[in-house]
Structures are given as structure tokens and as C-alpha cells.
Amino acid sequence: MLVRNNIAACYIFKKDYDKALEVVEEAIKVYREKEPTKRSFEKYAKVLERKGRIYHLKKDLDKAIEFYKESLLENNVGRVSAKIRELERKKKKLEEKAY
């Protein structure tokens, strides 16, 4: 699962966000197929955080926030909370600007 997460990071670096998203989806599938006793919620949270990052870079703030929040449900990490706050502020500014 983490190998796929790292491969996704490479695709992000290359700005191939669709391919990165595809690889992250594979990682999620692998995680869900594991026996519950062999699952690592911390690793799963990292994959979900990466998925949020991909959507952030694709400028889909709603989906980015959704997956960052899902990541927090698995493992409460301060940096993810900070990303959520940042995106929510950014989203609010964009909505005000559009209005």
C-alpha cells in the first residue's frame, strides 16, 4: 500500500494528477482487501491524505477537504487539520469573490 502511495507521489511531482489518483485508488483497494488485523490505520490515513492532496492540486477544494477529513478520522494528525483550515479559508474567499 505504501509503495503505491509513494508511486502516486512521483506522479504528483510529474503533475500527472489523474495517474496519481488511479494509483491511490489501487492502494485503497489493497488496504480494504487486507484482513482487519493486518490493516494499519496510520498508513491508510496517509493514503487518504495523499488523495486529498491530489484533489487540492486539481483545484477541487470540496473533494480535497472531504478526503483530508476522512484521513483525520483514521489518524488525527495536526498537519492535516491545518490543511483543512487552509482550504476552508481559501474556499470561503473564492465563494465571496464569486458572489
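Student: Can you walk me through the packing of helix 2 (residues 17-33) against helix 3 (residues 41-57) in this structure?
Tutor: Two numbers describe how helix 2 lies on helix 3: the axes approach to 10 Å, and their chain directions differ by 160 degrees. Taken together, the axes of helix 2 and helix 3 are roughly antiparallel relative to one another. Handedness of the helix 2/helix 3 crossing: left-handed. In this structure, helix 2 uses Tyr-17, Ala-20, Leu-21, Val-24, Glu-25, Ala-27, Ile-28, Tyr-31 and Arg-32 to contact helix 3, whose residues at the interface are Phe-41, Tyr-44, Val-47, Leu-48, Arg-50, Lys-51, Ile-54, Tyr-55 and Leu-57. Grouping the constituent residues of the contact of helix 2 with helix 3 by class yields 14 nonpolar, no polar and four charged.

Student: Explain the pattern of salt bridges here, please?
Tutor: Two side chains of opposite charge can pair, provided their charged atoms sit close to one another. In total, this model carries eight salt bridges according to the counting rule given. Ionic pairing is found between Lys-58 and Asp-18, a salt bridge with its closest N-O pair at 2.7 Å. Placement of Lys-58 in the loop between helix 3 and helix 4 (61-74) and of Asp-18 in helix 2 is noted, with a sequence separation of 40 residues between them. Taking relative accessible area as the criterion, Asp-18 reaches 53% and is therefore assigned exposed. Notably, a salt bridge pairs Glu-22 with Lys-19, separated by 3.1 Å at the nearest N-O pair. With a gap of three residues between them, Glu-22 and Lys-19 both fall in helix 2, about one helical turn apart. A relative accessible area of 40% means that Glu-22 is categorised as partly exposed. In this structure, a network of salt bridges that share partners links the residues Glu-49, Arg-79 and Lys-83.

Rules used in this analysis
Residues numbered from 1 in each chain as written. Predicted model: local features only at pLDDT ≥ 70, side-chain atom pairs only at ≥ 80, totals over all residues. Heavy atoms only, no water. Axes fitted to C-alpha atoms, helices over the stretch in contact; angles between N-to-C directions. Helix = DSSP H or I, 4+ residues; strand = E, 2+ residues; numbered from the N terminus. Parallel < 35°, antiparallel > 145°, perpendicular 65-115°, else oblique. Left-handed = near helix turned anticlockwise from the far one by under 90°. Contact = heavy atoms within 4.5 Å. Nonpolar A, V, L, I, M, F, W, Y, C, P; charged D, E, K, R; others polar. Salt bridge = Lys/Arg side-chain N within 4 Å of Asp/Glu carboxyl O. Buried < 20%, exposed > 50% of the residue type's maximum accessible area, 1.4 Å probe, protein only.

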